[in-house]
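Structural characterization, general
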Number of protein chains: 2
Amino acid sequence: MSDATITDLYEVTMALSYLREGMTQPATFSCFVRELPPHRGFLIAAGAESVLDFLSDFRLRREDVEVFAETLQRPAQDVAPLLDMRFTGEVRAVPEGRVVLAGEPLMEITAPLPQAQLVESYVLNQLNHQTAVASKCVRCVIAARGRPVVDFSLRRTHGTQAAFQAARLGAMAGFAGTSNVAAAHAEQLPAVGTMAHSYIEAFEDEEAAFTAFAQCHPGPVTLLVDTYDTESGVAAAARVLNALGRGDGSAIRLDSGDLGRLAFHARAMLDNAGLPQVRIVASGGLDEFAVHDLVRSETPIDIYAVGTKVGVSADAPYLDSAYKLVAYEGRSVMKLSAAKVTAPGRKQVFRRPGCHDVIGLADETPPEGSTPLLETLMRAGGRSAPRDRLEDARQRLAADVAELPATARRIRSPQPVQAKVSRRLSVLTDKVRRRIEREVLAPFGSHA
Amino acid sequence: MSDATITDLYEVTMALSYLREGMTQPATFSCFVRELPPHRGFLIAAGAESVLDFLSDFRLRREDVEVFAETLQRPAQDVAPLLDMRFTGEVRAVPEGRVVLAGEPLMEITAPLPQAQLVESYVLNQLNHQTAVASKCVRCVIAARGRPVVDFSLRRTHGTQAAFQAARLGAMAGFAGTSNVAAAHAEQLPAVGTMAHSYIEAFEDEEAAFTAFAQCHPGPVTLLVDTYDTESGVAAAARVLNALGRGDGSAIRLDSGDLGRLAFHARAMLDNAGLPQVRIVASGGLDEFAVHDLVRSETPIDIYAVGTKVGVSADAPYLDSAYKLVAYEGRSVMKLSAAKVTAPGRKQVFRRPGCHDVIGLADETPPEGSTPLLETLMRAGGRSAPRDRLEDARQRLAADVAELPATARRIRSPQPVQAKVSRRLSVLTDKVRRRIEREVLAPFGSHA
């Protein structure tokens, strides 16, 4: 049973009906986020690489089609038309790491209608959550103003697959490392870690624990100082680091309490102990808001470890994303229903420096000084470009974020950047709307 | 590379230090949720089966240990002590589906210290997110007051693994089906589905789309009526269902707009068209709050499809869970730091009917009329009971939820049920606290 069965049942029933009706002409679906969640001035496109992997491998094998038949409680012959279907279409997408705005396509898929429909659920799943998490991670990096941010989210993400993604997306956003060993290995990221309170508790006292840890691990160590009482913990850490001559590159970690106050106090204690080089790591429920406040108060915290709230994008754990049919058989189509109008046609985003974006049609001439955001990443079901490197996505992200207006990058009350719509796309939208009202709705006496 | 490498780096460095110090005596770690999130009167224990699978398979193979060495940038011999480590411990846990309260152990793991430490990240990851999602799902079932609820969350969960879990946990909570084909197959759940707006748009008009769908799929069909204008959509659906004689078992789906108003209108239209048996399915950003309001208004919606907000537990996407060392070498241990005191010792929860719970020590005599909540699910690294069946978890859940006070089950402003602490556990907590203050803190002149 392949990943192709990870789909909503309606994709299968629709695909079967399309095949029965001979509706296999090319269709274009556009995936975009309708509105930004609160506290977001922009989004970071992510998930395209996972989608390309899925589409490259997409093939409905016999066992997959048997699963469909069983699930639908239909005889095998009824689902036989799906057997051996592969994805043979084209994918145009915003490369990972780029800034995207509300209404802008993250990805457009053009393929025979049944194929483009069947892959919907997986495409949305990947683009939606990866874009949500990447967009959260970058806000932490912005808030930290150059101080390293690291990922500690493994224990709170929605499963281990999501933890891999969080580590990768954090790195894309500029995180300096992850605590997740498997993800660090898979993505060749720096792995970071300290010790848990349980480690301290398993020893007679903090000094014994710190000493044993340092003796086991040569080089810099990070000692957790708040198991019992932070002041005595810092004092014990300072004694051990001095006794063993291990201050260089080492750090202490604060994980609870009033981090701002404790960091100032710990810094003074370390400096007085002749350990000005020992850094302070902070963790414990941090997100971009907490990091922002600590950094603005010039708290002497050197490294921020974020986990829970960032790995699940706690204040916006999903996006208002959609996968909408915009063209079929060369005809532009759209949906009109309450408050959810979808602009028709294959699209492109034309960006001028400073994230001045115009959403237009794919075949428009780019406005002067603009570059198109969507790139063709797959043709005829195969990747048309080499696999993207995480480092390239990271560089695109850094460059794009630097271009944003400062108001969009704000941590509190950011001002979302708004994309404009091209004249040609506006005209087409009006035209298709009128056609639907005339041909589809009017004959039935609708009030629309 | 096995799942055993899905761990935080500090688990590895701590385990190596424990081995070096010969600290391999049995340790007990307790996993519990400190406080309930807002809008939760109780939690549903979930994730234990995934943890048991992980622990049963846990073994550090050569390639895993090589990953550790590489990640730590240490020579292979430094991590060799971990080679071939298996999990040989005991697991006591609350069986999936049972109601649990703040402070109650979801699971206690007793194993040689390095083993119990190494599995922390995975255990927390699974128990935390599965308990969060199960606790969200059950609130939808409560809100629907007997009307079927189905899972449409695949497109918005944090990856596809989380989607599998959401479908399974929904079923545990009493959902009637899932749209996720692969999950339905894996867990033998009813698969449900309708059609997307794109399906309608690909045809000339709604009537053609509905007719083609019904012709392709014998038996009951669910027709999506809000692509252009809900009133004309309902009218078209009624004409097609009547023309083809397919009203029995069929339904229409409303996915946008004022669902309450539209459902009343659609119900009247269907009744007037001689289709009183056609049911109404509602979807579109629903959660337990929206379902509650619709049900209380006696809206004629027969089936509620929940997705986005439920699959990610949007208002509480994580829990304040912890995995704390409570005993080592027969000695009870605890953490004292700011606002995060952990009660020491191996524990048990004694429940009397009505969820009157007392958290006590594992070796206490159960109070009269109570039954213990934690069961031994693994001994010496192997399952000590047959694999739990989803249906059994569902029945436990239904029985436990029925026992809860009505105030805890409320959708708005629920009153969390509070567990009491046994006298023996209180006495032990005080005793360990005094020992720490005397032996660990006092020698360093702490102010604690």
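Rules of the game
Residues numbered from 1 in each chain as written. Chains lettered and ligands numbered in written order. Predicted model: local features only at pLDDT ≥ 70, side-chain atom pairs only at ≥ 80, totals over all residues. Heavy atoms only, no water. Axes fitted to C-alpha atoms, helices over the stretch in contact; angles between N-to-C directions. Helix = DSSP H or I, 4+ residues; strand = E, 2+ residues; numbered from the N terminus. Parallel < 35°, antiparallel > 145°, perpendicular 65-115°, else oblique. Left-handed = near helix turned anticlockwise from the far one by under 90°. Contact = heavy atoms within 4.5 Å. Least-squares fit on C-alpha atoms with pLDDT ≥ 70 in both. UniProt positions renumbered as here; feature names shortened; annotations may be inferred. Phe/Tyr/Trp six-rings, centres within 6.5 Å; stacked < 30°, edge-to-face > 60°. Buried < 20%, exposed > 50% of the residue type's maximum accessible area, 1.4 Å probe, protein only.

We now examine the packing of helix 10 (residues 206-216) of chain A against helix 11 (residues 230-244) of chain A. Residue and element names in this part refer to chain A. The geometry of helix 10 relative to helix 11 is characterised by a closest axis approach of 9 Å and an angle of 40° between their N-to-C directions. In terms of orientation, helix 10 lies oblique with respect to helix 11. Relative to helix 11, the crossing made by helix 10 is right-handed. Contacts from Glu206, Glu207, Phe210, Thr211 and Ala214 in helix 10 reach Ser232, Gly233, Ala236, Ala237, Arg239, Val240 and Leu244 in helix 11.

In this arrangement, two copies of a chain are superimposed by a rotation about an axis accompanied by a shift along the axis. Rotating chain B by 180° and translating it 0.0 Å along the rotation axis places it on chain A, where the RMSD comes to 0.0 Å. What the rotation and shift describe, once combined, is the action of a two-fold rotation axis. In this assembly, 100% of the residues forming the interface of chain B have copies in chain A that are likewise at the interface, indicating an isologous arrangement.

Let us look at the UniProt feature "domain: Nicotinate phosphoribosyltransferase N-terminal" (unreviewed entry) in chain A. UniProt tags residues 7-128 of chain A as "domain: Nicotinate phosphoribosyltransferase N-terminal" (unreviewed entry). Between the end C-alpha atoms of residues 7-128 of chain A the distance is 15 Å, and the span holds 43% helix and 20% strand.

Moving on, we get to the packing of aromatic side chains. Enumeration according to the criterion identifies twelve aromatic pairs over all chains in this entry. Seen from their ring centres, Phe54(B) and Tyr122(B) are 3.7 Å apart, and the 5° between their planes marks the pair as stacked. Placement of the pair is Phe54(B) in helix 2 (residues 48-57) and Tyr122(B) in helix 6 (residues 120-144), with a sequence separation of 68 residues. An aromatic cluster of at least three residues, connected via ring pairs, comprises Tyr18(A), Tyr199(B), Phe203(B) and Phe213(B).

Right, let's talk about unusual backbone geometry for a bit. For Glu298(A), which is not glycine, the phi dihedral falls at a positive 50°. Inspection of the secondary structure puts Glu298(A) in the loop between helix 13 (288-296) and strand 11 (303-306). Notably, Gln73(B) is not glycine yet its phi reads approximately 55°, a positive angle. Here Gln73(B) shows up in the loop between helix 3 (62-72) and helix 4 (76-79). On the basis of relative accessible area, Gln73(B) is assigned to the exposed category, the value being 73%.

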